[in-house]
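Next come the chains, spelled out residue by residue.
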Amino acid sequence: MHCDILCTFPLTQMLESHRSNPGIATIASTVVPFEETRNYGCMVSKDSLELVHYAEKPNTHVSSTVNAGIYVFSPEMFEEMKSLRMGAVRSPSTDKLEDILELHTHQIFRLEKDVLTPLSSSGKIYTFPLEGFWAQIKNPSAAVKCSELCMEIDREMHPEFLAKNVAGGPEIVGNVTIHPTAEIDPSAKIGPNVSVGAGAVIGKGVRV
């Protein structure tokens, strides 16, 4: 799993999908706007969800369906990776100078370019379309947006995690989480989309 993504993570359903298809690998997929596709690994699949084409950050538009960064691999997939790894050491996947230098000088072996791309039309990889939101955390502003999404998930699935307006307490606006050890003056106004951490102290009349 990529470490810079946020979604509902339907891992149980994805595992069930993987077990029900004849492939040795399953990749979660999502759809992004046309203008953003060149920033991701683009995928083309059959109606059966069998992957037939994979292009990592292509120069031209290939598909709006992209790699969502979550994988399920059967043990056989690692044998395929081992074979591809040995082949990559002998011969780079492209004739670009940077690829040759990476593979032969630094011995870098990339999942997307050196495994998924050559196996994409082998019938061994299937996709799993994600439902709901998906976001990639690449900068501070994206982290703020993802925090908002997390609290929206809490509102739908775990409303008990969110703070509520109570008599004698601070004014709560929208989605707010407050750690039990935080101290907040009753005259403060908190929210929306605010997480108050452990040990925080918020004084009189403060607006967060």
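Treat the numbers as computed from the prediction; the structure is a model and nothing was measured.

Undergrad: How should I be thinking about the nonpolar core in this particular structure?
TA: One recurring pattern in soluble globular proteins is that nonpolar side chains are buried together. Of all hydrophobic cores here, the largest spans 14 residues; its most connected members are Met14, Ala28, Ile70, Leu130 and Trp134. Mapped onto this core, the elements with two or more residues apiece are β1 (5-7) and β5 (65-73). The element that contributes the greatest number of residues to this core is β5, accounting for 4 residues. Excluding residues that lie within four positions of it along the chain, methionine 14 makes contacts with Thr26, Ile27, Ala28, Ile70, Tyr71, Val72 and Phe128. In terms of nonpolar packing, the next biggest core, distinct from the first, is built from 13 residues, Ala25, Ile27, Met77 and Met81 among them.

Undergrad: Is there a simple way to think about the pairing of β5 in this case?
TA: Two faces belong to every sheet, and in a regular strand the side chains alternate between them. For β5, the tally of buried residues reaches 7 of 9 residues, placing the bulk of the element in the interior. The pairing of strand β2 (residues 25-31) with β5 spans 6 bridges and is classified as antiparallel. Looking at β5, one finds that isoleucine 27 is bridged to tyrosine 71.

Undergrad: Would you mind showing me how to read the pattern of salt bridges here?
TA: Pairing is possible between side chains that carry opposite charge, provided their charged atoms lie close to one another. Applying the stated criterion across every chain yields a total of 5 salt bridges. Salt-bridge contacts for aspartate 4 lead to lysine 138; the nearest nitrogen and oxygen are separated by 3.0 Å. One end of the pair, aspartate 4, is in the segment before β1; the other, lysine 138, is in the loop between β7 (134-136) and α5 (140-157), and 134 residues separate them in sequence. Of the charged contacts, one joins lysine 46 and glutamate 50 as a salt bridge, the two residues approaching to 3.6 Å between their closest N and O atoms.

Undergrad: Can you walk me through the packing of aromatic side chains in this structure?
TA: The relation between two aromatic rings is expressed through the spacing of the ring centres and the mutual angle of the planes. Evaluated as defined, the whole model comprises 3 aromatic pairs. Taking the centre distance of 5.7 Å and the plane angle of 70° together, the rings of tyrosine 40 and tryptophan 134 count as edge-to-face. Taken together, the residues span a long stretch of sequence, with tyrosine 40 in the loop between β2 and β3 (41-45) and tryptophan 134 in strand β7 at a distance of 94 residues. Across the pair, exposure class does not vary: tyrosine 40 and tryptophan 134 are buried alike. Ring geometry for phenylalanine 73 and phenylalanine 78: centres 5.8 Å apart, planes at 75°, overall edge-to-face. Taken together, the ring pairs connect Tyr71, Phe73 and Phe78 into an aromatic cluster.

Undergrad: I'm lost on the side chain of serine 120 in this one. Help?
TA: Looking at the element boundaries, serine 120 is found in the loop between α4 (111-119) and β6 (125-129). Residue class for serine 120 comes out buried when judged on its relative accessible area of 4%.

Undergrad: Help me out: how do you make sense of the pairing of strand β4 (residues 51-56) in this one?
TA: Two strands pair when backbone bridges link them, and β3 and β4 are joined in this way by 5 bridges, in the antiparallel orientation. Residue serine 45 lies in a different strand from β4, and its bridge partner there is leucine 51. Two successive antiparallel strands, β3 and β4, enclose a turn made up of 5 residues, where leucine 49 displays a positive phi of approximately 75°.

Calculation rules
- Residues numbered from 1 in each chain as written.
- Predicted model: local features only at pLDDT ≥ 70, side-chain atom pairs only at ≥ 80, totals over all residues.
- Heavy atoms only, no water.
- Core = buried A, V, L, I, M, F, W, Y, C linked by side-chain atoms within 4.5 Å.
- Buried < 20%, exposed > 50% of the residue type's maximum accessible area, 1.4 Å probe, protein only.
- Helix = DSSP H or I, 4+ residues; strand = E, 2+ residues; numbered from the N terminus.
- Contact = heavy atoms within 4.5 Å.
- Pairing = 2+ DSSP bridges.
- Salt bridge = Lys/Arg side-chain N within 4 Å of Asp/Glu carboxyl O.
- Phe/Tyr/Trp six-rings, centres within 6.5 Å; stacked < 30°, edge-to-face > 60°.

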